[in-house]
Amino acid sequence: MKSGNNILLAAELLKAGKVVAIPTETVYGLAANAFDAEAVINIFEIKNRPKFNPLIVHIQSWKMLERITQEIHPILKKIAENFWPGPLTILFPKSDAIHPVITAGSTNVAVRMPNHILTKSLLDQLDFPLAAPSANLFGKISPTTAAHVLEQLGDQIEYVLDGGECSIGVESTIIKMNMYEKVEILRLGGITGEEIALITGYLPKIINETEKPEAPGMLASHYAPNKPMLLGNITQLVERYSNKKLAVIAFATTIDHPSIISSYILSEKQDLHEAAHNLFSLMHKAENSGADLIIAELLPEIGIGRAINDRLKRAAF
């Protein structure tokens, strides 16, 4: 049995140093005991993930946060109190309890409190936090169902805790406090800058990708399908590449053309949250459609639309 909703089995496997895929409200994660360096290294090996790319540590309690961090800035604490459990990851100065392999040698650790009933119950069974990047091969489309995980990693992991389809569908927002005691966004995600601004009183600055990322999801190329993907005006791109079999991912409407073999709509009612929920699932479908090329368009650059566009740009890089 590769997947199911057996929380006790998942807990026993994790206690034994195994790697287990877990559901969250954002995407599925590939989890291991964050206090077991060998188990964490297995995550990197299974995903073929470079060790310079840090992991997120998932917790269930404030007591665990205090155990794995050195200090908690009052502004970050206030933000966490408003959005945890939820799709927000925060960088804190790490304690010695966190091995440098998790942080890629950084003195900061990325932490979040997930909001999924199965994973919350799983964490209640454990006396350690879980290091967990997305449960996919490095750089590929993130998984939002257990089937997506099994498709990419099924022969390499012990168990997938199946929590159904992820409700949000894009990864958590990642923030940190800079040297000027201002909050910055390192990765756009399920919590918008506007929502954070309601707490801080200002819109956080968004930090662009780096070659040595401070947090996951900052590399230029990421979330990519196995087929080439282009962004732009769908009508123009379809005409330009009409000699190929095309899969189209559109926001609310699409076009008819003999070259289009598969067409997908993110949200007919132009709801950005629905579009985020559908994004990776439709990218998986487009990847497996038999098309030579995937064509997609950017969404309105507002709210969670910024996070969707961030994923599309990195997928098409």
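The structure this text deals with has already been given above.
Here we summarise the structure given alongside this text. (Residues numbered from 1 in each chain as written. Predicted model: local features only at pLDDT ≥ 70, side-chain atom pairs only at ≥ 80, totals over all residues. Heavy atoms only, no water.)

1. Thoughts on the pairing of strand β5 (residues 88-93)
Using the following cut-off: Only protein chains enter the accessibility calculation, which uses a 1.4 Å probe; a residue whose area is less than 20% of its type maximum is buried, one above 50% is exposed, and one in between is partly exposed. Secondary structure elements follow DSSP: runs of H or I no shorter than four residues count as helices, runs of E no shorter than two count as strands, and numbering proceeds from the N terminus. Strand pairing requires that DSSP identify at least two bridges connecting the strands.
The buried fraction of β5 amounts to 5 of the 6 residues, a majority that puts the element mostly inside the structure. Relative to strand β6 (residues 108-112), β5 runs antiparallel, the two sharing 5 bridges. What sits directly across from Ile90, in β6, is Val111.

2. Description of helix α11 (residues 305-315)
Put simply, the rule reads: Should any heavy atoms of two residues lie within 4.5 Å, those residues are counted as being in contact.
Burial runs high along α11: 9 of the 11 residues are buried. Within α11, burial applies to Gly305, Ala307, Ile308, Asn309, Asp310, Arg311, Leu312, Arg314 and Ala315. Turning to α11, the residues buried within the fold contact β10 (183-187), β12 (229-231), α10 (272-287) and β15 (293-296).

3. What about the sheet that holds β5?
Selection criterion: For helices, the fitted axis covers only the stretch in contact; all axes are lines through C-alpha atoms, and the angles between them, taken along N-to-C directions, range from 0 to 180 degrees.
Taken together, 11 strands build an open sheet; the order of strands is β1-β8-β2-β3-β7-β4-β6-β5-β9-β10-β11 and the sheet is mixed. Bordering the open sheet on either side are β1 (3-4) and β11 (205-206), each of which pairs with just one other strand. Note: strand β9 (residues 173-177) against β10, 4 bridges, orientation antiparallel. Bridging from a neighbouring strand, Met177 pairs with Val183 of β10. Packing against the sheet, helix α4 (residues 74-83) makes contact with β5, β9 and β10, and its axis sits at approximately 155° to β5.

4. So, the pattern of salt bridges
In plain terms, the rule: Any carboxyl oxygen of Asp or Glu within 4 Å of a side-chain nitrogen of Lys or Arg constitutes a salt bridge here.
Enumeration over the complete set of coordinates arrives at 8 salt bridges. Arg112 is paired through a salt bridge with Glu25; the nearest N and O atoms lie 2.8 Å apart. Note that Arg112 is positioned in strand β6 and Glu25 in the loop between β2 (20-22) and β3 (29-33), a separation of 87 residues in sequence. Owing to a relative accessible area of 2%, Arg112 belongs among the buried residues under this scheme. Residue Glu25 is classed as buried on the basis of its relative accessible area of 3%. Between Glu184 and Lys176 there is a salt bridge whose closest N-O contact spans 3.9 Å. Residue classification places Glu184 among the buried positions, given a relative accessible area of 10%. For Lys176, a relative accessible area of 14% translates into the label buried. Each of Glu171, Asp310, Arg311 and Arg314 takes part in salt bridges that share partners, so that together they form one network.

5. Focus: the nonpolar core
For clarity, the threshold we go by: Put simply, a nonpolar core is a bunch of buried Ala, Val, Leu, Ile, Met, Phe, Trp, Tyr and Cys residues held in one set by side-chain atoms that sit within 4.5 Å of each other.
With 74 residues, the main nonpolar core has Ile59, Trp84, Leu88, Ile102, Ile157, Ile175 and Ile196 as its most contacted residues. It is α10 that provides the largest number of residues to this core, a total of 8 residues. Apart from the residues lying within four places of it in its own chain, the contact partners of Ile196 are Ile79, Phe83, Leu88, Thr173, Ile175, Val183, Ile185, Ile191 and Pro204. By size, the runner-up hydrophobic cluster in this structure holds 17 residues, among which are Val20, Ile22, Leu122 and Leu126.

6. Examining the side chain of Ser134
Definition in use: The term polar contact refers here to a pair of N or O atoms within 3.5 Å; inside protein, the definition further demands a hydrogen-donor-capable atom paired with an acceptor-capable atom, and it admits residues adjacent in sequence only when both atoms are side-chain atoms.
Counting through the fold element by element, Ser134 comes out in the loop between β7 (130-131) and α7 (146-153). Overall, the relative accessible area of 15% leaves Ser134 in the buried class. A distance of 2.6 Å separates the side chain of Ser134 from the side chain of Asn136, its partner in a polar contact. Once residues lying within four places of it in the same chain are set aside, the contact partners of Ser134 are Val27, Tyr28, Gly29, Leu30, Lys47, Ser142 and Pro143.

7. Looking at the packing of helix α1 (residues 7-15) against helix α6 (residues 117-124)
We count it as follows: What sets the label is the angle itself: under 35 degrees gives roughly parallel, over 145 gives roughly antiparallel, 65 to 115 gives roughly perpendicular, and the rest give oblique. Handedness of each helix crossing follows the sense of rotation of the near helix against the far helix: counterclockwise by less than a right angle gives left-handed, clockwise gives right-handed. Residue type decides the class: Asp, Glu, Lys and Arg count as charged, Ala, Val, Leu, Ile, Met, Phe, Trp, Tyr, Cys and Pro as nonpolar, and the leftover types, Gly among them, as polar.
Where α1 contacts α6, the axes come no closer than 9 Å and their chain directions differ by 50°. Relative to α6, the element α1 is oriented oblique. By crossing handedness, the relation of α1 to α6 is classed as right-handed. Note on element contacts: α6 touches α1 through Leu118, Ser121 and Leu122, opposite Ile7, Ala10, Ala11 and Leu14. Of the residues that constitute the contact of α1 with α6, the class distribution is 6 nonpolar, 1 polar and no charged.

8. A closer look at the packing of α10 against α11
Following both chains from N to C, one finds α10 and α11 inclined at 20°, their axes separated by 9 Å at the closest point. Considering the angle they form, α10 stands roughly parallel to α11. As for how α10 packs across α11, the hand of that crossing is left-handed. Along the contact surface, α10 presents Leu272, Ala275, Ala276, Leu279, Phe280 and Met283, while α11 presents Gly305, Ile308, Arg311, Leu312 and Ala315.

Remember, this is a structural readout, not a statement about activity or role.
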